[in-house]
Amino acid sequence: MDKFTMYGKLTAHPGKREELISLLLEASRSLNDMDGCELYIINESVDDPDTVWVTELWRDAQVHADSLKNEQVMAVIRRANPLIAGVEPIRLRPVGGKGLGV
């Protein structure tokens, strides 16, 4: 399976989580037409008022890498950067399960 999964833990500056979530939700709508993006879910932590998790599923790692060169994506990243205190990306390769169609 060539699919690519990524979890991103974003730590917002104190009091900026809702603004960051709003921006990420806006960005997720632009991904509806992006070829290769199969899943993009924004999650808020129940235990930490500053943490946001993003769950991504892409057709493959190259499509994900190419998406980061997209002007719309780069513009969202530039707007989000001042809201973010830290980023912890977790790159994964899915091996199966419900929803993957394998």
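Up top is the structure.
Residues numbered from 1 in each chain as written. Predicted model: local features only at pLDDT ≥ 70, side-chain atom pairs only at ≥ 80, totals over all residues. Heavy atoms only, no water.

Caption draft 1: Quick look at the packing of helix 1 (residues 17-30) against helix 3 (residues 71-80). Taken N-terminus to C-terminus, the directions of helix 1 and helix 3 make an angle of 180°; their axes are 10 Å apart at the nearest point. Considering their axes alone, helix 1 and helix 3 lie roughly antiparallel with respect to each other. On the side of helix 1, the interface is formed by Leu 20, Leu 23, Glu 26, Ala 27 and Ser 30, while helix 3 contributes Gln 72, Val 76, Arg 79 and Ala 80. Its residues assigned to classes, the contact of helix 1 with helix 3 comprises 5 nonpolar, 2 polar and 2 charged. (Axes fitted to C-alpha atoms, helices over the stretch in contact; angles between N-to-C directions. Helix = DSSP H or I, 4+ residues; strand = E, 2+ residues; numbered from the N terminus. Parallel < 35°, antiparallel > 145°, perpendicular 65-115°, else oblique. Contact = heavy atoms within 4.5 Å. Nonpolar A, V, L, I, M, F, W, Y, C, P; charged D, E, K, R; others polar.)

Caption draft 2: Examining the nonpolar core more closely. Counting 14 residues, the largest nonpolar core has Leu 10, Leu 20, Leu 23, Leu 24, Ile 42, Val 52 and Ala 80 as the members making the most contacts within it. Only strand 1 (4-12), helix 1, strand 3 (51-58) and helix 3 provide two or more residues apiece to this core. Of the residues forming this core, the biggest block, 5 residues, is contributed by helix 1. With residues up to four places along the chain from it excluded, the contact list for Val 52 reads Gly 8, Lys 9, Leu 10, Arg 17, Leu 20, Ile 21, Leu 24, Ile 42 and Asn 43. Listed in part, the 8 residues of the second largest apolar core include Phe 4, Leu 31, Met 34 and Val 63. (Core = buried A, V, L, I, M, F, W, Y, C linked by side-chain atoms within 4.5 Å. Buried < 20%, exposed > 50% of the residue type's maximum accessible area, 1.4 Å probe, protein only.)

Caption draft 3: The environment of Leu 25, seen in detail. Residue placement: Leu 25 occurs in helix 1. Put simply, Leu 25 and Ile 42 are 17 residues apart on the chain and 7.0 Å apart in space, counted from C-alpha to C-alpha.

Caption draft 4: Highlighting the pairing of strand 1. Across 8 bridges, strand 1 lies against strand 3 in antiparallel orientation. When the sheet's bridge partners are listed, Lys 9 is paired in strand 3 with Trp 53. Here strand 1 runs beside strand 4 (residues 84-92); their pairing, made up of 8 bridges, is antiparallel. Note on strand 4: the bridge partner recorded for Met 6 is Arg 91. (Pairing = 2+ DSSP bridges.)

Caption draft 5: Just helix 1, in detail. With 14 residues, helix 1 should cover 20 Å at 1.5 Å per step; its first-to-last C-alpha distance of 20 Å lies within 8% of that length. For helix 1, the complete set of buried residues consists of Arg 17, Leu 20, Ile 21, Leu 23, Leu 24, Ala 27 and Ser 28. Summarising the axial view, the buried residues of helix 1 lie within an arc of 165°, below the 170-degree limit, and thus occupy one face. Summarising the contacts, the buried residues of helix 1 are in contact with strand 1, strand 2 (37-44), strand 3, helix 3 and strand 4. (Expected span 1.5 Å × (residues − 1). Arc of directions from axis to C-beta.)

Caption draft 6: Molecular detail of the layout of surface pockets. Counted as a void, the largest pocket has a volume near 530 Å³. Lining the largest pocket are 24 residues, and of these Leu 24, Tyr 40, Glu 56, Leu 68 and Ile 77 lie nearest its centre. Of all the secondary-structure elements, those providing two or more residues to the lining of the largest pocket are strand 1, helix 1, strand 3, helix 2 (61-67), helix 3 and strand 4. Ranked by residue count, the leading element in the lining of the largest pocket is helix 3, at 5 residues. (1 Å grid on protein atoms, 1.4 Å probe; cavity = no way out; pocket = protein on both sides within 12 Å on 5 of 7 lines; lining within 4 Å. Points joined across faces, edges and corners; volume = space filled by probe spheres on them.)

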